[in-house]
Amino acid sequence: MKAIEVEDLHHTYLDGTISLKGVSFSVKVNETFSVIGPNGAGKTTLLLALCGLIPFKGSIKIFDQVLNNRSIKEIRKNLGFVSQDPDDQLFMPNVYDDVAFGPKNLGFPEEEISEIVKEALQVVGLAGFETRSPHHLSFGEKKRVSLATVLSMKPKILLLDEPTSNLDPRSRREFIELLQRVKCTKIIVGHDLDMIVKTSQRVLLLNEGKKIAEGETLDILKNKELLEANGLELPGSF
Amino acid sequence: MKHFYLDKYSYLDSPVHRIRPVIKIVASFAFLIYVIISPEKWWNYSIGFLGLLFLIFISKIPFSFVVKRTMVILPFLILVIIFIPFFNENGIKIAGLTFIKSFLSIITLILLTSTTKFSELLRALSSLGVPRIIILILSFMYRYFFVLVDELEKMLRAVKLRSFKNNRFKTFSILANIVGVLFIRSYERSERVYNAMSMRGFDGEIKKL
């Protein structure tokens, strides 16, 4: 069984901009799969489509279940989506309510929820942050709380939009280590290639809404010509 | 960026901070009602005022903060009472009473909101039976107020850094643009927040906080 199977995915924005032009790929269970590409390549659009947040043409199967209006509620229980801007992700007045939001909506038993919240905050290294308000947190802390808000739902697939953008070097390294610790299927979108080398087994390269390449991380990231032709560069240390 | 505009002193620790929020809310509103319907005697209000001063003192909130907060509301209050003397025989007395009553009410509410964390205040309101939709709206307001202030500050800074001439008319048109951009950004953000909510099982039904 594949975690995600996407076939011939098309998407056009309301203003007529075509953002995805027939993308196909598949992701194995428990694999970390990255989608890379320059700005405007359609990476985030692809993530939104996988979550069923935008209308699309083509077929998306998640754990062999076709994504459509009827199955969407069931499928979303398996998905944990972390948006790029933590201010979009954290909408409750304090950290506890935010981390508990998902489990409460999924109908987890009331007495388990505080335990789940504690556990999720522990995983991201922020134990004891329950009563803090999001606007009193640093950007790095907000990012980690964002991850905790979906980890508390115990998702089978994590979808992360540019998880390391805007983080200082230490927060970034800690976030990468955190991602390596969390065991489940992960889809990471971004152009921080150093982070992608450290976390992902396979990579999909997108440009202008088209699939350019798909394969083992190192096979693709070592191909300097391919990267440069698509607006990407490996960091100097490689 | 860090902000302390709304509940700056609610993180202090004092006997007043430690009172359960529900009790604080009920007591504050009981006091408000008392202030409004109490007999019009000067000792009555002085005792109330001294009581409030005492509570402010033991809650460790700086008096200057309370005064500043009061100043924000005072203009509105004055605008309301300034016309009373022109329409009434006992106008000046009524205006004075209205002023004193409102003043005490304002201080009570400042004391309540600055000794209670906003999230605890919401929880207490919800356990007092305030509808969930109102609680949710208040909590979003509190949460995104800071995000909006951040965005506004960034834009104002960008304007400052790039404007060289001081032309009042121009400034107004720039401000109008900023308000417009702020509106569009908030609208777009609301879509993204809604996405984040629906990805976490939100289906329109509001669960208890």
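Quantities reported herein were computed from a predicted structural model and do not represent experimental measurements.

Definitions and cut-offs
Residues numbered from 1 in each chain as written. Chains lettered and ligands numbered in written order. Predicted model: local features only at pLDDT ≥ 70, side-chain atom pairs only at ≥ 80, totals over all residues. Helix = DSSP H or I, 4+ residues; strand = E, 2+ residues; numbered from the N terminus. Rg over C-alpha atoms; globule rule 2.2 N^0.38 Å. Contact = placed C-beta atoms within 7 Å. Nonpolar A, V, L, I, M, F, W, Y, C, P; charged D, E, K, R; others polar. Expected span 1.5 Å × (residues − 1). Bend = angle between axes of the 7 residues up to and from the residue. Buried ≥ 20, exposed ≤ 12 C-beta atoms within 10 Å, placed from the backbone. Pairing = 2+ DSSP bridges. Axes fitted to C-alpha atoms, helices over the stretch in contact; angles between N-to-C directions. Parallel < 35°, antiparallel > 145°, perpendicular 65-115°, else oblique. Arc of directions from axis to C-beta. Left-handed = near helix turned anticlockwise from the far one by under 90°. Core = buried A, V, L, I, M, F, W, Y, C linked by C-beta atoms within 7 Å.

> Tell me about the overall build of chain B, and please be specific about residues and values.
Assigned secondary structure in chain B consists of nine helices and zero strands. Starting at the N terminus and ending at the C terminus, chain B contains elements arranged as α-α-α-α-α-α-α-α-α. Scaling as 2.2 N^0.38, a compact globule of 209 residues should have a C-alpha radius of gyration of about 17 Å, whereas chain B reaches 22 Å, well beyond that. Across its three principal axes, chain B shows a C-alpha extent of roughly 55 × 50 × 35 Å. Across chain B, the fraction of contacts at a sequence separation of at least 24, relative to all contacts at a separation of at least 6, is 78%.

> Which residues make up the interface of chain A and chain B, and what values do they have?
If you look at the interface, chain A gives 24 residues, while chain B gives 23 residues. Counting only elements with at least two residues in the side of chain A that touches chain B, the list comes to β6 (79-82), α3 (86-89) and α4 (95-105) of chain A. Here the element with the most residues in the side of chain A that touches chain B is α4 of chain A; it accounts for five residues. When the residues that make up the side of chain A that touches chain B are grouped by side-chain class, the tally is eleven nonpolar, eight polar and five charged.

> Explain helix α4 (residues 63-81) of chain B to me, using residue names and the numbers behind them.
All names here are of chain B. For α4, built from 19 residues, the straight-helix expectation of 27 Å at 1.5 Å per residue is met to within 8% by its first-to-last C-alpha distance of 25 Å. Largest kink in α4: about 40°, centred on isoleucine 73, with the proline proline 75 one to four residues after it. Little of α4 sits out of view: just one of its 19 residues are buried.

> Quick rundown of the sheet that holds strand β3 (residues 32-36) of chain A? Include the residues and the values.
All names here are of chain A. An order of β6-β7-β8-β3-β9-β10 is seen for the six strands of this open sheet, with the pairing classed as mixed. Only two strands of the sheet have a single partner each, and these edge strands are β6 and β10 (210-216). The average angle at which neighbouring strand axes cross in this sheet is 15°, direction not considered. Two strands pair when backbone bridges link them, and strand β7 (residues 157-161) and strand β8 (residues 185-190) are joined in this way by five bridges, in the parallel orientation.

> Tell me what's going on with unusual backbone geometry, and back it up with residues and numbers.
Residue and element names in this part refer to chain A. Positive phi is not limited to glycine here, since phenylalanine 63 has a value of about 50°. In this structure, phenylalanine 63 sits in the loop between β4 (57-62) and β5 (65-66). Take phenylalanine 63: there are 16 C-beta atoms within 10 Å of it, and that puts it in the partly exposed class.

> Tell me about the packing of helix α2 (residues 21-37) of chain B against helix α7 (residues 118-127) of chain B, residues and numbers included.
All names here are of chain B. Running from N to C, α2 and α7 cross one another at 70°; their axes reach a closest spacing of 8 Å. In this view, α2 runs roughly perpendicular relative to α7, as classed from their interaxial angle. Packed against α2, whose contacting residues are Pro21, Val22 and Ile25, the element α7 presents Glu120, Leu121, Arg123, Ala124, Leu125 and Ser127 at the interface. Of the residues in the contact of α2 with α7, the class split is six nonpolar, one polar and two charged.

> Describe helix α7 (residues 169-181) of chain A, naming the residues involved and giving the relevant values.
Because an α-helix completes one turn every 3.6 residues, residues spaced three or four positions apart along the sequence face the same direction. Residues and elements named next belong to chain A. Across its 13 residues, α7 extends 18 Å between first and last C-alpha, which sits within 8% of the 18 Å expected from 1.5 Å per residue. The complete set of buried residues in α7 reads Phe175, Ile176 and Leu179. Each buried residue of α7 sits inside an arc of 100° when the element is viewed along its axis, so together they form one side. Of the residues in α7, the exposed ones pointing more than 90 degrees away from the buried face are Arg170, Glu177, Gln180 and Arg181. The inward-facing, buried residues of α7 abut α6 (139-151), β8 and α8 (193-199).

> Tell me about the packing of α4 of chain A against helix α5 (residues 110-123) of chain A, and please be specific about residues and values.
Residue and element names in this part refer to chain A. One way to put it is that α4 packs onto α5 with a least axis distance of 9 Å and a crossing angle of 120°. Classed by the angle they form, the pair α4 and α5 counts as oblique. Regarding α4 and α5, the two cross each other, and that crossing is right-handed. Residues Tyr96, Val99, Ala100, Pro103 and Lys104 of α4 form the contact with α5, whose own contacting residues are Ile113, Ile116, Val117, Ala120 and Leu121.

> Explain the sheet that holds strand β2 (residues 18-28) of chain A to me, using residue names and the numbers behind them.
All names here are of chain A. With antiparallel pairing, the four strands of this open sheet are ordered in space as β2-β1-β4-β5. Strand pairing shows two members of the sheet lacking a second neighbour, β2 and β5, which therefore form its edges. As defined by bridge partners, strand β1 (residues 2-12) adjoins β4 across five bridges and the pair is classed as antiparallel. When the bridges of β4 are listed, histidine 10 appears paired with lysine 57.

> Pulling in residues and values, what's your account of the nonpolar core?
Of all hydrophobic cores here, the largest spans 67 residues; its most connected members are Leu47, Leu50, Cys51, Val99, Ala148, Leu159 and Ile187 of chain A. Dropping the residues within four chain positions of it, isoleucine 187 of chain A is found in contact with Val27, Phe33, Val35, Leu47, Ile157 and Leu159 of chain A. Core analysis: the second largest hydrophobic core is formed by eight residues, Ile56, Leu104, Ile107 and Leu111 of chain B among them.

> I'd love a proper account of the environment of aspartate 7 of chain B, names of residues and values included.
All names here are of chain B. Structurally, the position occupied by aspartate 7 is in the segment before α1 (15-18). The class of aspartate 7 is partly exposed, set by 18 C-beta atoms lying within 10 Å. Each C-alpha atom of the pair aspartate 7 and tyrosine 187 lies 26 Å from the other, and the pair is 180 residues apart in sequence.

Geometric values such as these leave the question of function open.
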